[in-house]
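# Close look at the chain arrangement
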Amino acid sequence: MPDKKIIMVTGGTGLVGKAIETVVQSENRVDETWIFVSSKDADLCDLDSTRRLFEKYKPTHVIHLAAMVGGLFHNMSHNLDFLRNNLHMNDNVLQMSYETGVRKVVSCLSTCIFPDKTTYPIDESMIHNGPPHPSNFGYSYAKRMIDVANKAYHEQYGCLFTSVVPCNVFGPHDNYNPESSHVIPGLIRKLFDTIDNGGDTFLVMGTGKPLRQFIYSLDLARLFVWVLREYDEVEPIILSVDEECEVSIKKVAEELVKSFDFKGSIVFDETKADGQYKKTASNKKLRCYLPDFQFTPFSRAIKESVDWYRQNHLLARN
Ligand code: NAP
Ligand code: GDP
């Protein structure tokens, strides 16, 4: 019997945490105990609270998802909060992991932290090559520091602290609050409410032209579990769908209209910000490790996400 792992997932109640919970519950492995924690268990911005959490569960492995997370408009108005909250959480989690002898930590970056002015596709070597897009510089610099810290913990103490870089994520259990949500949950909520109110116009912010790669949370969860078990580099790895799967915001709106069977029209509010035009990322490194990994087709993942929201909107984070 291999060593028993105690795997603590910070941010375990969020979009990605819930998806990982779904994936590991379906496997039921006897050599792993999974613990999913939220801000109710500890405020990770606070060192003492973080220390008590580590003392309570004594994890051997940590998946660190907890973060202040939000869409373009929330980032634009709260850069300082994104910077400070995320710097504190990341520093506390990594330091407690080191002090308590955690064997491996997998933290989470994002493709939106890469330099704004860059060549495409983006790859893992380019994280620190220039300033991020001004809309989310607070979040971006805090996240970039995880990679710096991982290398420093490795160099100074030999720790195996690594990170993954997902593209935009969506799926069940997302944040549907119109002020802070990302584009897909924001638009799911908006279209659901439009239909509920008998409206015939689906108002989408921006021009609809920006391009994004979207990964279904349940696909990302399977990749996270693989990284935890098999990926032993300190260097980050991009977890993204293939470059050909990049879609415009207009295409996202059209897929949502199809899934909801909405008969009205889509209108773009071009007075609202578009954010970064694109951040096309290469998943070549991932494909070298997992050439046959199958991503859920975008339209099916959108339909499942819409159906989940229809069934759970009263309990969803609104
Ligand atoms: P999410 O749904 O907003 O969930 C955030 C989680 O963090 C929740 O469990 C929340 O706990 C917890 N949390 C927030 N502040 C905390 C604090 N002070 N102390 C303890 N826990 C705290 O986020 P997500 O979308 O799953 O994101 C997970 C990770 O993926 C993040 O690191 C994010 O940066 C990264 N990521 C996300 C996307 C995306 O499109 N969503 C894309 C790339 C990378 P409560 O439930 O108690 O509030
Ligand atoms: P980003 O990928 O980090 O920029 O984050 P988002 O998930 O917030 O996506 C932003 C893109 O979607 C921008 O081009 C916005 O103009 C567009 N968008 C359209 N409608 C919405 C909406 O309701 N909420 C958000 N967050 N973005 C929207």
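Below you will find a few notes about this structure. Remember, it's a predicted structure, so these values are computed and weren't measured experimentally. (Residues numbered from 1 in each chain as written. Chains lettered and ligands numbered in written order. Predicted model: local features only at pLDDT ≥ 70, side-chain atom pairs only at ≥ 80, totals over all residues. Heavy atoms only, no water.)

## Some remarks on the site of ligand 2
Put simply, the rule is: Here a residue is near a molecule or strand as soon as one of its heavy atoms is found within 4 Å of it. Between N or O atoms, a polar contact is any pair within 3.5 Å; within protein, one atom must be a potential hydrogen donor and the other a potential acceptor, and residues adjacent in sequence are included only when both atoms are from side chains. Classes in brief: Ala, Val, Leu, Ile, Met, Phe, Trp, Tyr, Cys and Pro nonpolar; Asp, Glu, Lys and Arg charged; the others, Gly included, polar.
Surrounding ligand 2, one finds 17 residues, the nearest of these being Leu-72, Val-183, Arg-212, Ala-273 and Asp-274. Between ligand 2 and the protein, one listed contact pairs a nitrogen atom with a backbone N or O atom of Ser-181 at 3.0 Å. Between Lys-279 and ligand 2, the recorded distance is 2.9 Å, taken from a side-chain N or O atom to an oxygen atom. Across the shell around ligand 2, the residue classes tally to 9 nonpolar, 5 polar and 3 charged.

## Examining unusual backbone geometry
We apply this condition: Secondary structure elements are taken from DSSP: a helix is a run of H or I of four residues or more, a strand is a run of E of two residues or more, and numbering for both begins at the N terminus.
Following Tyr-120, the chain continues to Pro-121 via a peptide bond in cis, the omega torsion being 0°. Even without a glycine there, the phi angle at Asn-28 is positive, about 55°. With respect to the helices and strands, the residue Asn-28 is situated in the loop between helix H1 (15-27) and strand S2 (32-36).

## Section: helix H4 (residues 79-99)
Quick reminder of the rule: Take the residue count of a helix, subtract one, and multiply by 1.5 Å to get its expected span. Each residue is placed in one exposure class: buried if its accessible area under a 1.4 Å probe, protein chains only, is under 20% of its type's maximum, exposed if it is over 50%, and partly exposed if it falls in between.
An ideal rise of 1.5 Å per residue puts 30 Å on 21 residues; H4 measures up with 30 Å between its terminal C-alpha atoms. When we look at burial in H4, the residues that qualify are Asn-79, Phe-82, Asn-86, Met-89, Asn-90, Asn-92, Val-93, Leu-94, Met-96 and Ser-97. One or two residues past the end of H4 sits Gly-101, with phi positive at roughly 75°.

## Some words on the site of ligand 1
The test is simple: Here the Shrake-Rupley method, with its probe set to 1.4 Å, supplies the accessible areas, and only the displayed protein chains count as covering residues.
Contacts to ligand 1 come from 28 residues, most closely from Thr-13, Ser-39, Tyr-139, Lys-143 and Arg-317. Contact distances for ligand 1 include 3.4 Å between a nitrogen atom and a backbone N or O atom of Ala-42. Here an oxygen atom of ligand 1 and a backbone polar atom of Val-169 are 2.9 Å apart. Protein chains shield 87% of the accessible area of ligand 1, which is 910 Å² for the free molecule. Only H1, helix H5 (137-157) and strand S6 (168-170) provide two or more residues apiece to the shell around ligand 1. Grouping the constituent residues of the shell around ligand 1 by class yields 16 nonpolar, 9 polar and 3 charged.

## Concerning the nonpolar core
Applied cut-off: Here the nonpolar core consists of buried residues drawn from Ala, Val, Leu, Ile, Met, Phe, Trp, Tyr and Cys, with membership extended through side-chain atoms lying within 4.5 Å.
One finds Ile-20, Trp-34, Ile-63 and Phe-224 to be the most contacted residues of the largest nonpolar core, which totals 33 residues. Elements represented by at least two residues in this core include exactly strand S1 (5-10), H1, S2, strand S4 (104-108), helix H7 (217-230) and strand S10 (237-239). Considering every element that reaches this core, the biggest residue donor is H7, with 8 residues.

## Topic: a nonpolar patch on the surface
Heads up, the condition is: Here a patch means residues that are over 30% exposed by relative accessible area and free of salt bridges, tied together within 9 Å if like-charged and within 5 Å if nonpolar (Val, Leu, Ile, Met, Phe, Trp, Tyr). Salt bridges are counted wherever a side-chain nitrogen of Lys or Arg sits within 4 Å of a carboxyl oxygen of Asp or Glu.
A contiguous nonpolar patch, built from Phe-73, Met-76 and Met-205 and spanning about 250 Å² of accessible area, is present on the exposed surface. Turning to its location among the elements, Met-205 is positioned in strand S7 (residues 201-205).

## Brief notes about the pattern of salt bridges
In total, this model carries 21 salt bridges according to the counting rule given. Its salt-bridge partner being Glu-27, residue Arg-229 comes within 2.7 Å of it at the nearest N-O pair. Here Glu-27 lies in helix H1 and Arg-229 lies in helix H7, a separation of 202 residues in the sequence. Classification of Glu-27 as partly exposed rests on a relative accessible area of 33%. Put simply, Arg-29 and Asp-31 hold a salt bridge, and the shortest N to O gap is 3.0 Å. Note on Arg-29: relative accessible area 35%, which makes it partly exposed.

## So, the environment of Trp-308
This is how it is decided: Contact definition: two residues touch when any of their heavy atoms are within 4.5 Å.
Mapped onto the elements of the fold, Trp-308 is located in helix H10 (residues 298-312). On the basis of relative accessible area, Trp-308 is assigned to the buried category, the value being 16%. The sequence separation of Trp-308 and Gly-171 amounts to 137 residues, and the corresponding C-alpha distance is 8.3 Å. When near neighbours in sequence (up to four residues on either side) are disregarded, Trp-308 contacts Pro-172, His-173, Tyr-176 and Ala-316.

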